[in-house]
Each structure stands twice: as C-alpha cells, then as structure tokens.
Amino acid sequence: MLLSSDAYSYRSGVLYCEEVPLDEIARRAGTPCYVYSSRAVLNRFRAYKGALEGFPHLVSYAVKANSNLALLRLLAEAGAGFDIVSGGELFRVIQAGGDPSRVVFSGVGKTPAEIEYALKSSIYAFHCESEGELGLIEALSARLGVRARVALRVNPDVDAGAHPYISTGMREHKFGIEMAEAESLYRRAQKLPHLSLEGVSCHIGSQILEVEPLLEALDRLLELARRLRQAGLPIRHLDLGGGLGIPYRLSDAAPNIAEFVKQVRRRMEGQDLFLILEPGRSIVGEAGVLLTTVLYRKPGATREFIIVDAAMNDLLRPSLYQSHHEIFAVRQSLRGTVRADVVGPVCESGDFLALDREMPNALPGDVLAVWTAGAYGFVLASNYNSRPRPPEVLVEADRWRIVRARETYEDLIRGESV
Ligand SMILES: *Cc1c(COP(=O)(O)O)cnc(C)c1O
C-alpha cells in the first residue's frame, strides 16, 4: 500500500507516526487509542496562514472537529483563532490558553447562558442565524453594558455536493438565513444599539472536494457585503466558514489548501474586508489514526469478519455517514489480504469500521490503524455499551505523550447515584 503523508510512513514494515513506531504506542497506551501527529496539524494550519500572509485574516480552527486541549494549545501557539459552537468549546479554548478575542461563536441554538459567557469573555464575534437570536444578544449585551460584534450567517444556496448530513448551505437546511431575507434583517438589526453588525458569514458544508461551490458562495457573500455597505452598514469582515475536504480514500484527490486560499484571496483583494476562515477537518483529519487490535477472526455465512477492539462508540463516522476509512496493518505481513467486514464489539449490526473490504490478512493480536481519524473521531465517541472512551496520544517528532487518559470504569458512573 502506497502511503503519501507528511506524518505517517512505513519503515522496515512498521507504520510510524513521525519518528515513533505505532506498535510501541499500541503496546504502552493500549488499544483502542487515538494518535495525532502535531507535525501534520501544524503543516496544514501553516498552509492556511502562509497563503494569507500580508492579507488581513483570522484562521479560526473549528473546535468541534477535535477539541483535545493539547491540540488547541498547539494551534493557539501557532496563532490560531477558534470557531466554537457551544459554551463548552469556549471553556476548552480558554483552558488551552486560546485568546477569546480571536473566537467566533457559530450555531443555530445558542442558549442565554452560553451567550452571556461569551459576552463576558469578550469573544470576537457572534455569527447569528435568526432574528430571535439577535434580539437575545441585544438584550444580554444591554444588561452587561457591552456591545457585541455580530455577523449574520447567510445561506448562499449553493450545493456543496457533500453527504446530506454534512451539507448545510442549501435553502432547505436549518442553517443560516435566506439571502433574500438577509438584507432587511441586517437593516432591522442595525437599529439595535448594543449590536455592531460588522460581518457576513456562511458555512456551506463539510468534506467538500471541489472548490467551485466554496468560491461561488464567496462571490455571493462579496455581493451581499457590497450591497450592505451601500446601505450604510459598517461591514468589515467576511467569514467563508470551513468545509474543505480530505482524502479519505487513497484514490481521492482533495483540494490543496494553499491553492484554494490563494483563489479566495485573489477574489478578496481590494475589497477592504478582513477574511475569516473556519477550517476543522482539513487541519486535523489527516493528522490522526485510531489504533485497534484484532480480537477474533470469524467466518460468517457470506463473508469473513475481523472483530476488533474499537467500535462505533469510538469512531462513529462509518456507522453514521457510511464514511470510508482506509485501514492499514501497523506491522506489514506476508500473509496477503482477505475480503472481510471489520466490526467492533458493540451490540448493533450498524457497528462496523469497514464493510466488504480487501483487508490485510490480520490475525488476533495484530494492530490495525484506521486512517484519517483525526477529525470528528474522538469528539463523537460515546460510552455506549458502557465502554470507556479511548486515550488520545500526541506525537511530536520522536516523542509522544498521552494527552487524554483512557477512561476507567469509575469514570463511567461519575455523577450517577442509585
Ligand atoms: C463544522 C463547522 C466548521 C468546520 O467544518 P469542517 O468541514 O470541519 O472544516 C466551520 N464553521 C462552522 C460554522 C461549522 O459548523
């Protein structure tokens, strides 16, 4: 199998993350276990930053993709802002040493407590999705005696071509405000004394593998910004959201980050607008793998099963989105391949990591690496079937450390009483 990655490589038949053999991490940290390459994260973040050098911008990492404190710290130190969708994410950013004045708060259902927390933390801006939300932010800002910077998240009605669950920018979606309604809402909101309507924003979806829909959304936002300025609104920033896809299949071609950002920049040149981008998956997705050990091999009536110790509670994406993750043997063998389903121990038929896949002929005890698991991996993990969530490991060159401990049985019952 030919791997092309800036972080993972086979050396003498063993899969390495940077300079660390993954079988060493599996042996010492146990499996299942998430592993992240700091180099892969920083390379991608710097691809965004580098292409915007000299242009006013903020790269706000979307915390929901992977909210581990050590990763947030790494990105904060590299100069990242953060896109949050909850008060809990703001708490994490602050705990990690992130700067609240570089935080934008997105989401359709912000609660009063979350808005108050964000106002008291002096975040950069709220990206609002309804008139009701604008009214609430106005009221809470008035009570606290502050003025909130606000952008409306509009719905540019472009089809990002992604899975229906992760496509967000069309008229029928719950996200954003209709383009046609946006202008009049901006004008009404302009009259609210504790809001400063300075931005336009959108986020059209996720795992987008063609840049055209993103550029089309940008054109529509630029047009809206022009019209709003003509109407006297002090529009200063444009937020294009996140959404750039990654190669989940070795055969996928994903957009090059720097080239995409340069195209965005070219369109923004001379418009006197501050650019915000909110990448999540494209920064952390390729940086992570999920290590899992084969427990059993079982011949089924129609196919072979490889039963592993990781399950849908650890990595939900295959079950939730039927998404594809390549799976590699951490130690290459001469045993050839086998066509199999790779399944976990959870009591659901929907619990699988791969279906009907040509797999390394792995035997009990062998360690496998589930590829591109850095985004929407651990953050979607649950305790379903009372399974403690796996640890997370951060690799930096030839060093590695556990940045979230494996949960214990005691953790499973914390807060419960009989
Ligand atoms: C989820 C989300 C992002 C990040 O999306 P990716 O596809 O991970 O880049 C950015 N902005 C908003 C508003 C989001 O909801």
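Quick caveat: nothing in here was measured; it's all calculated off a predicted structure. (Residues numbered from 1 in each chain as written. Predicted model: local features only at pLDDT ≥ 70, side-chain atom pairs only at ≥ 80, totals over all residues. Heavy atoms only, no water.)

Draft legend 1. Main features of the overall build of the chain. Counting its secondary structure elements, the chain contains 12 helices and 21 strands. Its C-alpha atoms give the chain a radius of gyration of 22 Å, within 12% of the compact-globule value 22 Å for 418 residues. Dimensions of the chain, computed from the C-alpha atoms along their principal axes, are close to 70 × 55 × 40 Å. For the chain, the exposed surface amounts to about 17,700 Å²; the carbon and sulfur share of it is 50%. When the 48 basic and 52 acidic side-chain charges of the chain are each reduced to a single mean position, those positions are 3 Å apart. (Helix = DSSP H or I, 4+ residues; strand = E, 2+ residues; numbered from the N terminus. Rg over C-alpha atoms; globule rule 2.2 N^0.38 Å. Areas by Shrake-Rupley, 256 points an atom, 1.4 Å probe, with all protein chains shown as cover. Lys, Arg positive; Asp, Glu negative; His and termini not counted. Charge placed at Lys NZ, Arg CZ, Asp CG, Glu CD.)

Draft legend 2. A look at the site of the ligand. If you check the shell around the ligand, you find 14 residues, and the closest are Lys 64, Ser 206, Glu 278, Arg 281 and Tyr 376. Contact between the ligand and His 203: a nitrogen atom at 3.5 Å from a side-chain N or O atom of the residue. Interatomic distance of 2.3 Å between a side-chain N/O atom of Ser 206 and an oxygen atom of the ligand. Coverage of the ligand by the protein amounts to 94% of the 390 Å² it exposes when considered alone. In terms of residue class, the shell around the ligand is made up of 3 nonpolar, 6 polar and 5 charged. (Near = heavy atom within 4 Å. Polar contact = N/O pair within 3.5 Å; in protein donor to acceptor, adjacent residues only side chain to side chain. Nonpolar A, V, L, I, M, F, W, Y, C, P; charged D, E, K, R; others polar.)

Draft legend 3. Quick peek at the side chain of Thr 292. Locating Thr 292 in the fold gives a position in strand E14 (residues 288-299). Using a relative accessible area of 1% as the deciding quantity, one classes Thr 292 as buried. Within the structure, the side chain of Thr 292 is placed 2.5 Å from the side chain of Asp 309, a separation counted as a polar contact. Every residue in contact with Thr 292, bar those within four places of it in the chain, is listed here: Thr 31, Val 308, Asp 309, Ala 310, Asp 366, Val 367, Leu 368 and Val 370. (Buried < 20%, exposed > 50% of the residue type's maximum accessible area, 1.4 Å probe, protein only. Contact = heavy atoms within 4.5 Å.)

Draft legend 4. Here's a closer look at the environment of Ile 413. Checked against the element boundaries, Ile 413 lands in helix H12 (residues 409-413). Classification of Ile 413 by relative accessible area gives partly exposed; the value is 46%. For the pair Ile 413 and Glu 89, spaced 324 residues apart in sequence, the C-alpha to C-alpha distance is 23 Å.

Draft legend 5. Geometry of unusual backbone geometry. A cis amide bond, omega -5 degrees, links Thr 31 with the succeeding residue Pro 32. Structurally, the position occupied by Pro 32 is in the loop between helix H1 (22-29) and strand E4 (33-37). Phi at Glu 18 is positive, roughly 50 degrees, even though this residue is not glycine. On the basis of relative accessibility, which here comes to 3%, the residue Glu 18 falls in the buried class. Residue Gln 207 is not a glycine yet carries a positive backbone phi of 50 degrees. Structurally, Gln 207 can be placed in the loop between strand E11 (195-201) and helix H8 (212-230).

Draft legend 6. Quick look at the nonpolar core. Among the nonpolar cores identified, the biggest contains 123 residues, and Leu 22, Ile 25, Val 35, Phe 126, Tyr 186, Leu 238 and Leu 291 are the most heavily contacted of them. The leading source of residues in this core is H8, at 9 residues. Of the residues that make up this core, three or more belong to each of domain 1 (8-37 + 285-412) and domain 2 (106-279). When residues no more than four places from it in sequence are discounted, the contact partners of Val 35 are Tyr 8, Cys 17, Leu 22, Ile 25, Ala 287, Gly 288, Val 289, Leu 291, Val 393 and Val 395. (Core = buried A, V, L, I, M, F, W, Y, C linked by side-chain atoms within 4.5 Å. Domains from an automatic or database assignment.)

Draft legend 7. Up close: the sheet that holds strand E1 (residues 8-11). If you walk across this open sheet you meet the 3 strands as E1-E2-E3, and the pairing is antiparallel. The sheet is open, and its two edges are formed by E1 and strand E3 (20-21), each paired on a single side. The sheet contact formed by strand E2 (residues 14-17) and E3 spans 2 bridges and is antiparallel. Considered in E3, the bridge of Tyr 16 is made with Pro 21. (Pairing = 2+ DSSP bridges.)

Draft legend 8. Structural view of the pattern of salt bridges. Inspection of the entire model under this criterion finds 30 salt bridges. Two residues, Asp 6 and Arg 44, come together in a salt bridge whose shortest N-O distance is 3.0 Å. Taken together, the residues Asp 6 in the segment before E1 and Arg 44 in helix H2 (residues 38-51) connect sequence positions 38 residues apart. As a salt-bridge pair, Asp 341 and Arg 303 come within 2.9 Å of each other at their nearest N and O atoms. Linking Asp 341 in strand E17 (residues 337-343) with Arg 303 in the loop between E14 and strand E15 (304-308), this pair joins segments that are 38 residues apart in sequence. By relative accessible area, which is 34% here, Arg 303 ends up partly exposed. Through salt bridges with shared partners, a single network forms among Glu 183, Arg 187, Glu 223, Arg 226 and Arg 227. (Salt bridge = Lys/Arg side-chain N within 4 Å of Asp/Glu carboxyl O.)

Spatial relationships are all this shows, so hold off on functional conclusions.
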